[in-house]
Amino acid sequence: MQTRLFIDGRFVPAKSGRVYPVLNPADGAVLARVSEGGPEDIDAAVNAAARAASGPWGKMQARERGKILLKIAGLIRDNLDALALLECRTAGKPLGDAKDEMGLAADTFEYYGGAANKHFGETIPVAGAGLDYTLREPVGVCGLIVPWNFPLVIAAWKLGPALACGNTAVLKPSPETPLTALALAALAAEAGLPEGVLNVVPGPGPGCGDALVTHPLVRKVSFTGSTATGTGIMKAAADGIKRVSLELGGKSPNIVFDDADLDLCVEKSVWSVFYNAGQDCCARSRVLVHRRIHDKLVDKLVARTRKFVVGHPEKKGTQIGPIISARQHAKIAMYIASGKAQGAKLLCGGVRPKGVPAKGHYLTPAVFAGADAEMRIAREEIFGPVLAVIPFKDEAEAIALANDSAYGLSASLWTRDVGRVLRVTRAVQSGVISVNTSSSVHLEAPFGGYKGSGLGRELGLKALDLYSEVKNVFISNV
Ligand code: NAD
């Protein structure tokens with residue numbers, strides 16, 4: 001297990017000598033003592049990345065860069081079980097989910113490995129005598145900051161396109177979940193990624209993450225995390241006119257009309273909010289339902305929710321693991337109390353299940369009915385396994401409720417009426433909307449948010465635009 005910072009191709013201790021404990025949320029055990037990066041380590045990592053940008057990596061053919069990314073994908077697959085166990089133990093996700101996510105990380109490097117030599121400029125018929133064309137060039141050193149809920153997957157979503165475009169990177173994982181990012185650094189070196197191209201510096205937001213955002217040699221900041229932190233990052237990045245992309249929070253609506261296939265809807269809907277213990281930016285935590293089928297849907301949702309197996313993430317059969325930390329658990333408990341205090345009815349869940357380790361932060365999935373759009377459980381991102389059901393009377397009210405949010409990341413729509421699908425998918429302010437299913441992410445398609453949910457689109461070929469500059473060249477023919 002790698003526990004030290006990865007800078008300029010080597011694992012090194014923090015310059016301060018500081019280490020901090022990384023805990024297993026399943027039982028509170030100390031998994032590792034990890035070097036804690038500070039501003040001086042960020043400075044060393046950014047300088048290494050800047051040197052690497054002007055070294056062999058900067059001159060490498062796109063196809064050769066792509067081959068290294070394909071090797072990284074292969075090495076992730078070769079080490080999938082070990083990586084999944086590490087992710088399971090740091091993030092508390094059920095082992096099977098962790099394996100799926102390691103597979104997605106590998107797929108991401110594979111996709112962008114293939115894309116490296118398929119992202120290019122264009123020739124433009126301008127009104128001058130000569131040839132006008134554009135070049136795609138790397139932005140430079142990218143500061144990549146990721147959260148704890150999908151640690152390696154989100155790192156891959158940023159590193160894949162950043163490296164494919166020829167940039168170099170300093171990755172700052174969340175302090176809670178740095179271990180798979182450090183393991184990835186070792187695999188990337190084994191795959192032949194030159195020294196300094198990828199640096200990994202775990203550490204806290206203030207004192208490490210902010211040093212990365214404000215470092216003068218960082219040209220691009222890509223952040224995934226909360227809207228509050230993202231707002232601060234955008235302001236801090238303004239000083240250097242740094243390129244910024246943000247994947248932030250959500251309060252996603254799941255709109256169910258009275259002609260929906262209810263059984264399919266219920267099965268997909270519960271997973272869309274309770275997967276990863278609800279610690280998912282796309283969690284469909286607001287079910288908006290036509291009042292004609294409200295009671296029927298609520299009964300089915302509650303019956304299905306009660307069946308979830310909550311427990312130790314390494315135990316066979318577990319579907320929902322622990323909450324990441326005591327702090328996050330307390331925040332979720334506060335929202336459950338606020339839902340009750342504001343008059344919503346808690347129909348199931350929201351309690352500690354029996355037979356789980358004493359020091360783990362477990363919570364059974366909770367369903368509230370009788371909620372209205374003004375309640376905190378309906379407006380604020382809880383980032384836990386809590387669902388609020390709100391009735392609507394017609395399509396116009398459903399759209400109004402869906403859009404009555406500071407966020408706009410994901411949405412789902414359940415109906416068999418094609419006309420309604422066309423109207424509602426247009427009207428809902430959301431970067432992603434799925435119809436008669438609850439998927440949010442397709443590796444090949446753009447992903448990102450409207451309004452407070454972010455800026456820019458990750459994944460697919462669109463992500464390559466975030467990590468490249470466009471240079472326009474005009475050559476006169478005289
Ligand atoms: P967070 O904002 O607290 O932290 C995210 C990352 O930013 C961490 O690495 C943290 O150390 C770092 N950070 C904190 N303060 C910083 C600062 N001042 N400068 C630089 N870096 C700083 O978020 P979190 O609690 O780790 O994750 C949960 C949040 O992330 C939720 O709001 C969730 O919706 C969001 N999220 C969004 C997406 C998406 O794709 N839209 C995906 C996953 C999570």
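Let us now look at the pattern of salt bridges. What the rule picks out here adds up to 20 salt bridges. Salt-bridge contacts for D465 lead to R136; the nearest nitrogen and oxygen are separated by 3.2 Å. In this pair, D465 sits in helix α16 (residues 462–466) while R136 sits in strand β6 (residues 130–138), placing the two residues 329 residues apart along the sequence. D465 gets classed as partly exposed once you look at its relative accessible area, which sits at 37%.

Of the two faces of strand β12 (residues 253–256), the one holding P253 and I255 and the one holding N254 and V256 are both buried throughout. Examined bridge by bridge, β12 and strand β13 (residues 286–290) share four bridges and lie parallel to one another. Across the sheet, the residue bridging to P253 is R286, located in β13. This β-α-β element, β12 to helix α10 (residues 262–274) to β13, shows right-handed connectivity. Of the pairings in the sheet, the one linking β12 to strand β17 (residues 410–414) comprises three bridges and is parallel in character. Bridging across to β17, V256 finds its partner in W414.

Glancing now at the nonpolar core. The tendency in soluble globular proteins is for nonpolar side chains to be buried side by side. I72, I76, F109, Y112, L159 and L171 are the most contacted members of the largest nonpolar core, which totals 69 residues. Element by element, the count of residues in this core is highest for helix α6 (residues 151–164), at 10 residues. Residue contributions to this core reach at least three from each of two domains, namely domain 1 (5–248 + 453–474) and domain 2 (253–442). Grouped together as the second largest cluster of nonpolar side chains are 59 residues, I255, A369, A398 and L413 included.

With respect to the element layout, T415 can be found in the loop between β17 and α15 (418–427). Measuring from C-alpha to C-alpha, the distance between T415 and C265 comes to 9.6 Å, with 150 residues separating the pair along the chain.

Moving on to helix α3 (residues 62–78). Compared with an ideal rise of 1.5 Å per residue, which puts 17 residues at 24 Å, α3 spans 25 Å between its outermost C-alpha atoms and is within 8% of the ideal. Within α3, the full set of buried residues consists of R65, G66, I68, L69, I72, A73, L75 and I76. Buried residues along α3 sit against α2 (56–59), α4 (80–91), α5 (95–115), α6 and α7 (179–190).

With that out of the way, let us pick up the sheet that holds β17. Spatially, β14-β15-β16-β13-β12-β17-β18 is the arrangement adopted by the seven strands of the open sheet, whose pairing is mixed. With partners counted over all chains shown, the strands left at the sheet margins are β14 (345–348) and β18 (432–435), one partner each. Sheet twist, expressed as the average angle between the axes of neighbouring strands with direction ignored, equals 25 degrees.

Glancing now at the sheet that holds strand β5 (residues 123–124). Strand order in this open sheet of three strands is β5-β6-β20, and the pairing throughout is antiparallel. Each end of this open sheet is capped by a strand with a single partner; those strands are β5 and β20 (468–476). Both β5 and β6 contribute to a ladder of two bridges, which runs antiparallel. Note that in β6 the partner of I124 across the bridge is D132.

The domains assigned to the protein chain are domain 1 (5–248 + 453–474) and domain 2 (253–442). Computed over C-alpha atoms only, the centres of domain 1 and domain 2 are separated by 31 Å. Listed per partner, the contact involves 28 residues of domain 1 and 28 residues of domain 2. For the domain 1 face of the interface with domain 2, the top three residues by lost area are A26, W148 and S453, together amounting to 26%. Linking domain 1 with domain 2 are one salt bridge. The closest approach of N and O atoms between R89 and E314, which form a salt bridge, is 2.9 Å.

Criteria and thresholds
Residues numbered from 1 in each chain as written. Predicted model: local features only at pLDDT ≥ 70, side-chain atom pairs only at ≥ 80, totals over all residues. Heavy atoms only, no water. Salt bridge = Lys/Arg side-chain N within 4 Å of Asp/Glu carboxyl O. Helix = DSSP H or I, 4+ residues; strand = E, 2+ residues; numbered from the N terminus. Buried < 20%, exposed > 50% of the residue type's maximum accessible area, 1.4 Å probe, protein only. Pairing = 2+ DSSP bridges. Right-handed = clockwise from strand over helix to strand, strands pointing away. Core = buried A, V, L, I, M, F, W, Y, C linked by side-chain atoms within 4.5 Å. Domains from an automatic or database assignment. Expected span 1.5 Å × (residues − 1). Contact = heavy atoms within 4.5 Å. Axes fitted to C-alpha atoms, helices over the stretch in contact; angles between N-to-C directions. Buried area = accessible area lost by both parts, 1.4 Å probe.

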